[in-house]
Amino acid sequence: DFVRTSILTSAAAREAGYDFQQQMNYLVHAEKLAAPQFASMNKNQDMDEHLKESFRDQIVDLYNNMGITEKKQGSLERARDLFSKAFEINPKDGHALVQLASVDGDKNDDVVSSAKELDPEYVSALFDGYSSRFESELVGVLGYTGHSLLYAALQKALKQLGKSPLSVKKIIDLGCGTGLLGEIVANEMPWVEVSGADLSQRMVEISRERKSNKERNVYASVSNEEAVEYLSNLEAQSVDCIIASDVVNYIGDISNMLEESSKCLIKNGLVGFTAESYEGSNTDNGLRLLPNGRFGHSRSYINNVAILKGFEVLVW
């Protein structure tokens, strides 16, 4: 509790306009007290594992917050060291990994370039916190149009296959968020059954309430599940199309997603998703965690994985 209180106090000091040193004082004091206890705790074989995990998470949060404070001050090298400490304690911590990517340098290049996924708990918490302002910022401020572009690509792909949109009966909206993409489908293809899935419980709650222009529910159902897990529970050859707008950026490696998609899609079924452009380098295969905390995918990476999983790319 002392560590948590120190983190909150430092955050309050930042909001109140206190200078950098005052903000750091709270965190450094907490580290001086907590770090020796953490080291001793790890040597104690009799200590309850749940208590160990709880204290570990607090220490990781402490180092992440120290790193963020240093980063805001412009001390990127010190920030990198602190994020590295957090990551070493818990290599699954999505926050530490994302922050390392944001200050990436040769020192941590192996860590960032080898990242293939983000911890689902991190992504879930990220979007739970973002849900109330998601559309106002994504669409209103950033002018996001990925959902519209993806719907247009879906129609183009259907045309290339010689399939009428009326032949589509069921669509899955992975990482449906607040329902931006699902609403387009519900309005333009009202005969289609649209089901959604999202990691964020808050996003699920919002999308379940979303209405089409006919005042009908956009989604027949919305599940609070990780994308690959959700797909794995669908019946074989039961879906016409799977769509995912601004989702694979947080999934990373799309191999498992396409593997499960191939099982639940009908013959000549479609998978459509948006991806963040990345050219690739000599140190990766076209998949990279970028400084913005999202994965970038090169065209060659997407094409190679698609072919490996039995798909053909129709529309870029």
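A quick note: this is a predicted structure, and the numbers were derived from the prediction, not measured. As a convention, each chain's residues are numbered from 1 in the sequence order in which they are written. Per-residue local features of the predicted model are confined to residues with pLDDT of at least 70, and side-chain atom pairs are confined, for both listing and counting, to 80 or more; whole-chain, interface and lining totals are unaffected and use all residues. Hydrogens and water molecules were not included; the side-chain quantities draw on all heavy atoms of the structure.

Novice: I would appreciate a short explanation of the overall build of the protein chain in the present structure.
Specialist: The helix and strand labels rest on DSSP assignments: H or I over at least four residues marks a helix, E over at least two residues marks a strand, and numbering proceeds from the N terminus. A count of helical and extended segments in the protein chain gives 15 helices and 8 strands. The principal-axis extents of the C-alpha atoms in the protein chain amount to approximately 65 × 45 × 40 Å. Any residue under 20% of the maximum accessible area for its type is buried, any over 50% is exposed, and the rest in between are partly exposed; the area is computed with a 1.4 Å probe on protein chains only. Expressed as a percentage of its 316 residues, the buried residues of the protein chain come to 47%. Put simply, 66% of the contacts in the protein chain that link residues at least 6 apart link residues at least 24 apart. Summed over its atoms, the accessible surface of the protein chain is roughly 16,200 Å², and 49% of this surface lies on carbon and sulfur atoms. Within the protein chain, one finds 32 positive and 46 negative side-chain charges whose respective centroids are separated by 4 Å. Throughout, a residue-residue contact means that at least one pair of heavy atoms, one from each residue, lies within 4.5 Å. Note that accessible areas follow from Shrake-Rupley with a 1.4 Å probe, and for residues the cover is restricted to the protein chains shown. Under the convention used here, Asp and Glu are negative, Lys and Arg are positive, and both His and the chain ends fall outside the count. For this purpose, a charge sits on NZ of Lys, CZ of Arg, CG of Asp or CD of Glu.

Novice: Explain the sheet that holds strand β4 (residues 239-244) to me, please; I cannot follow it from the model alone.
Specialist: Taken in spatial order, the 5 strands line up as β3-β2-β1-β4-β5 in an open sheet, and their pairing is parallel. The sheet terminates laterally at β3 (221-223) and β5 (265-273), the two strands that pair on one side only. Put simply, the sheet's adjacent strands are angled 20° from each other on average, direction ignored. The criterion for strand pairing is that DSSP finds at least two bridges linking the strands in question. Note: strand β2 (residues 193-197) against β3, 3 bridges, orientation parallel. The residue bridging glycine 196 from the neighbouring strand is valine 222, located in β3. Running at roughly 150° to β5, helix α9 (residues 146-160) makes contact with β1 (170-174), β4 and β5 of the sheet. Axis lines are fitted through C-alpha atoms, for helices just across the contact stretch, and the angle between N-to-C directions can take any value from 0 to 180 degrees.

Novice: I tried to follow the pairing of β4 on my own but got confused; where do I start?
Specialist: Regular strands have side chains that alternate between both faces of the sheet. Within β4, 6 of the 6 residues are buried, leaving the element largely enclosed by the surrounding structure. Pairing between β1 and β4: 3 bridges, direction parallel. Its bridge partner being in β4, isoleucine 171 is matched across the sheet by cysteine 241.

Novice: Explain the sheet that holds strand β7 (residues 287-289) to me, please; I cannot follow it from the model alone.
Specialist: The strands that make up a sheet pair up through hydrogen bonds in the backbone, lying either parallel or antiparallel. The strand order β6-β8-β7 describes an open sheet built from 3 strands, whose pairing is mixed. The outermost strands of the open sheet, each flanked by one partner alone, are β6 (276-277) and β7. Sheet topology note: the β6/strand β8 (residues 295-297) ladder contains 2 bridges and is parallel. By the bridge assignment for β8, serine 277 is matched with histidine 297.

Novice: Just to check I follow, could you spell out the nonpolar core for this structure?
Specialist: Generally speaking, a soluble globular protein has its nonpolar side chains buried in company with each other. Counting residues in hydrophobic clusters, the biggest one holds 67 residues, and the most contacted among them are Leu118, Leu174, Leu231, Ile242, Met257 and Leu289. Apart from residues no more than four positions distant in its own chain, leucine 118 is found in contact with Leu97, Val98, Val123, Tyr250, Ile251, Leu289, Gly293 and Phe295. Definition used in this section: a nonpolar core is a set of buried Ala, Val, Leu, Ile, Met, Phe, Trp, Tyr and Cys residues joined via side-chain atoms within 4.5 Å. Counting residues in each nonpolar core, the second largest holds 22 residues, with Tyr151, Ala157, Leu158 and Val194 among its members.

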